[in-house]
Amino acid sequence: SYLDMVKVFVFSYFFWLVLCLIFITGTTRINIFCLGYLVACFYFMLFGGSVLMQPVRYILRLWDWLIAYTCFVITMKNILSLGACAYLDSLLKNSCWLIQAFSMFCTIKGYDVPEPTDECELPEGEAGIVWDAICFTVLLAQRRVFLSYYFLYVVSDLKSAKILASRGAELFEAKVKKQVAARLKMEEKSVEALKRQMEKIKSKQKAPPAASDQAVSPADQEQATLDDEEKAMRDGGKWWKPWVSRPGVENNCGYHLFESDSEEEEEEATQMKEEEEPPKKKSALQWAYNAWTTSSKSALKDLRKERKKIKKDEKKRAKTELQKQQGIDRTNSSEDELDESAMEEEGEEERENILQRILNMLKFSWVFLQSLIDDLTDGLNAFCKDSLDISKVLRLERALLNQQQKK
């Protein structure tokens, strides 16, 4: 809620806002009192992160010194203002440096103020205590924040951030090492597969295929020929096995030396990946091209069909996973056929008028804008995937650290 956002701002960032106001108080005027404000401001800005993680008593001691200095400045300005009302004329003639150093000027109405000379100007706009009063008010408010129970959560967050300061770089380095190890493992697998292929080729060169001397039964021979015919029909259109359609090539050119099941294994692996991966939805530009070639109404219908299909595939995938977990093996083909028949059965389209076309164009423009934003979000998430993963891990570790500190 907005109240929580205000609390986060007050207890986490109000300290730095107070330091900004102290800096403004010290730079709006030129006198010797402003030097104390600037020193205090730069000290807290330089060591503020470490000071906030100190015990509350230590923070309050420093803060009380700053409040006391503000009270001293306000008191001295009032005393100097009273003295300036009585002795400003003589100070203007003899001690102009004193007027400029302490910004002495009579701020009480009813007294005659002498006119400034060419040698000494009167600091009329720098003698007030408005900025000092504002600084004193915000200092008291920040002191109350230090005494609040919610400030302990701010200290806990700062400690967690300090602990996890270099954790992100460590996680990124570990992820890079993991990717390199996976790449090396893949290369080792490919080298091993290549060695196995070379060993098979060597064995085939040493012992070329010849007719077997052992007696083979007719039934086994017939079964072997049937298997060879099925394999030939299955591999007939593959360019890397030309001996299937040209039997003489295998014996003449020695293609039988390179015959292996690696291509079939790759095809099975690709099929498994295609089955595991969910169907990809069309991008916004594809929908725009579809609407430009056909019409906005047909593009909207195709979009609805695609969304229904994605939902159905997700439900089907969830059901199959649940059935695998429960050990149930059954198909819901009847339901799928009913859904497909319901999707295919559509009535004849009525003729569109101009108002319906405008409405369809507006609907498609809104859908196109949403799809474009989704594509942009997916692209940015894919581009920053490593950073997002590391940020999730850091968020979880930070939550665990906060729980440990609360205990």
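- The name given to the chain in an unreviewed UniProt entry is Piezo TM25-28 domain-containing protein, with the source organism recorded as Goodea atripinnis.

What to know about the overall build of the chain
In step 1: Along the chain, the regular secondary structure elements total 15 helices and 0 strands.
In step 2: Burial status across the chain gives 23% buried among its 407 residues.
In step 3: Pairs at least 24 apart in sequence give 71% of the contacts found in the chain among residues at least 6 apart.
In step 4: Of the roughly 30600 Å² that the chain leaves accessible, carbon and sulfur atoms contribute 59%.

Remarks on the packing of aromatic side chains
In step 1: Under the definition given, this model contains 15 aromatic pairs.
In step 2: Ring plane angle 40° and centroid distance 5.7 Å describe the contact between F15 and W63, whose orientation is recorded as tilted. Here F15, found in helix 1 (residues 2–27), pairs with W63, found in helix 3 (residues 56–94); they are 48 residues apart in sequence, far enough to count as distant.
In step 3: Residue classification places F15 among the buried positions, given a relative accessible area of 4%.

Structural notes on the nonpolar core
In step 1: Ranked by size, the top nonpolar core spans 39 residues in total, and within it I22, W63, I99, L139, F146 and F151 carry the most contacts.
In step 2: Elements represented by at least two residues in this core include exactly helix 1, helix 2 (34–52), helix 3, helix 4 (96–102), helix 5 (130–147) and helix 6 (151–163).
In step 3: The leading source of residues in this core is helix 3, at 11 residues.
In step 4: Leave out the neighbours within four places in its chain, and I22 touches Y37, C41, L66, C135 and L139.
In step 5: Counting residues in hydrophobic clusters, the runner-up holds 7 residues, among them W287, A291, L300 and V367.

Side note on a nonpolar patch on the surface
In step 1: There is a patch of nonpolar side chains on the surface, built from V8, F9, Y13, W16, L17, F23, I24, F42, M45, V130, W131 and I134 and spanning about 1100 Å² of accessible area.
In step 2: Counting residues per element, the ones that place at least two in the nonpolar patch are helix 1, helix 2 and helix 5.
In step 3: A per-element tally of the nonpolar patch places helix 1 first, with 7 residues.
In step 4: On the secondary structure map, W16 appears in helix 1.

So, a positive patch on the surface
In step 1: There is a patch of like positive charges on the surface, built from K281, R304, R307, K308, K311, K315 and K363.
In step 2: No other element matches the 5 residues that helix 12 (residues 296–326) contributes to the positive patch.
In step 3: Along the chain, R304 falls in helix 12.
In step 4: For R304, a relative accessible area of 46% corresponds to the partly exposed category.

Topic: the packing of helix 2 against helix 3
In step 1: It is the contact of helix 2 with helix 3, at a shortest axis distance of 12 Å, that shows an interaxial angle of 165°. In terms of orientation, helix 2 and helix 3 fall into the roughly antiparallel class. The interaxial crossing formed by helix 2 with helix 3 has left-handed handedness. In this structure, helix 2 contributes G36, Y37, A40, Y43, F44, V51 and L52 to the contact, and helix 3 contributes Y58, I59, L62, W63, L66, Y69, T70 and V73.
In step 2: Of the residues that constitute the contact of helix 2 with helix 3, the class distribution is 13 nonpolar, 2 polar and no charged.

Notes on the pattern of salt bridges
Pairs can form between side chains of opposite charge whenever their charged atoms are close.
In step 1: Enumeration according to the criterion identifies 10 salt bridges in this entry.
In step 2: The partner of K175 in a salt bridge is D386, and the shortest N-O contact between them spans 3.1 Å. One end of the pair, K175, is in helix 7 (residues 167–206); the other, D386, is in helix 15 (residues 385–406), with 211 residues separating them in the sequence.
In step 3: Three or more residues are tied together by salt bridges with common partners; here these are K175, K385, D386 and D389.

Regarding the side chain of K77
In step 1: Within the secondary structure, K77 sits in helix 3.
In step 2: Here K77 falls in the buried class, since its relative accessible area comes to 6%.
In step 3: Not counting the four nearest positions on each side in its chain, K77 is found in contact with R29, N31, F33, E126, A127, G128, I129 and D132.

Observations regarding the side chain of N31
In step 1: Mapped onto the elements, N31 comes out in the loop between helix 1 and helix 2.
In step 2: By relative accessible area, N31 is classed as buried at 12%.
In step 3: From its side chain, N31 meets the backbone nitrogen of F33 in a polar contact 3.1 Å long.
In step 4: Of note is the side chain of N31, whose polar atom sits 3.1 Å from the backbone nitrogen of C34.
In step 5: If near-sequence neighbours (up to four positions away) are discounted, N31 is found in contact with K77, Q100, A101, F102, S103 and E126.

Overview of the UniProt feature "transmembrane region" (unreviewed entry) in the chain
In step 1: UniProt tags residues 6–25, 32–53 and 65–88 as "transmembrane region" (unreviewed entry).
In step 2: Spanning residues 6–25, this segment combines 100% helix with 0% strand, and its end C-alpha atoms are found 25 Å apart.
In step 3: Secondary structure content for residues 65–88 is 100% helix and 0% strand, while the C-alpha to C-alpha distance between its ends is 32 Å.

Description of helix 7
In step 1: The first and last C-alpha atoms of helix 7 sit 58 Å apart over 40 residues, in line with the 58 Å expected at 1.5 Å per residue.
In step 2: Along helix 7, the residues that are buried comprise G168, L171 and I201.

Digging into the packing of helix 1 against helix 5
In step 1: Orientation of helix 1 relative to helix 5, taken along the N-to-C sense of each, is 160°, at an axis distance of 10 Å. Taken together, the axis directions place helix 1 and helix 5 in an arrangement best described as roughly antiparallel. When the axes of helix 1 and helix 5 are compared, the crossing they make is left-handed. Between helix 1 and helix 5, the contacting residues are V10, F11, F14, F15, V18, L21, I22, I24 and T25 on the first element and W131, D132, C135, V138, L139, A141, Q142, V145 and F146 on the second.
In step 2: Across the contact of helix 1 with helix 5, the residue classes tally to 15 nonpolar, 2 polar and 1 charged.

So, how was this worked out
- Residues numbered from 1 in each chain as written.
- Predicted model: local features only at pLDDT ≥ 70, side-chain atom pairs only at ≥ 80, totals over all residues.
- Heavy atoms only, no water.
- Helix = DSSP H or I, 4+ residues; strand = E, 2+ residues; numbered from the N terminus.
- Buried < 20%, exposed > 50% of the residue type's maximum accessible area, 1.4 Å probe, protein only.
- Contact = heavy atoms within 4.5 Å.
- Areas by Shrake-Rupley, 256 points an atom, 1.4 Å probe, with all protein chains shown as cover.
- Phe/Tyr/Trp six-rings, centres within 6.5 Å; stacked < 30°, edge-to-face > 60°.
- Core = buried A, V, L, I, M, F, W, Y, C linked by side-chain atoms within 4.5 Å.
- Patch = residues over 30% accessible without salt bridge, like charges linked within 9 Å, V, L, I, M, F, W, Y side chains within 5 Å.
- Salt bridge = Lys/Arg side-chain N within 4 Å of Asp/Glu carboxyl O.
- Lys, Arg positive; Asp, Glu negative; His and termini not counted.
- Charge placed at Lys NZ, Arg CZ, Asp CG, Glu CD.
- Axes fitted to C-alpha atoms, helices over the stretch in contact; angles between N-to-C directions.
- Parallel < 35°, antiparallel > 145°, perpendicular 65-115°, else oblique.
- Left-handed = near helix turned anticlockwise from the far one by under 90°.
- Nonpolar A, V, L, I, M, F, W, Y, C, P; charged D, E, K, R; others polar.
- Polar contact = N/O pair within 3.5 Å; in protein donor to acceptor, adjacent residues only side chain to side chain.
- UniProt positions renumbered as here; feature names shortened; annotations may be inferred.
- Expected span 1.5 Å × (residues − 1).

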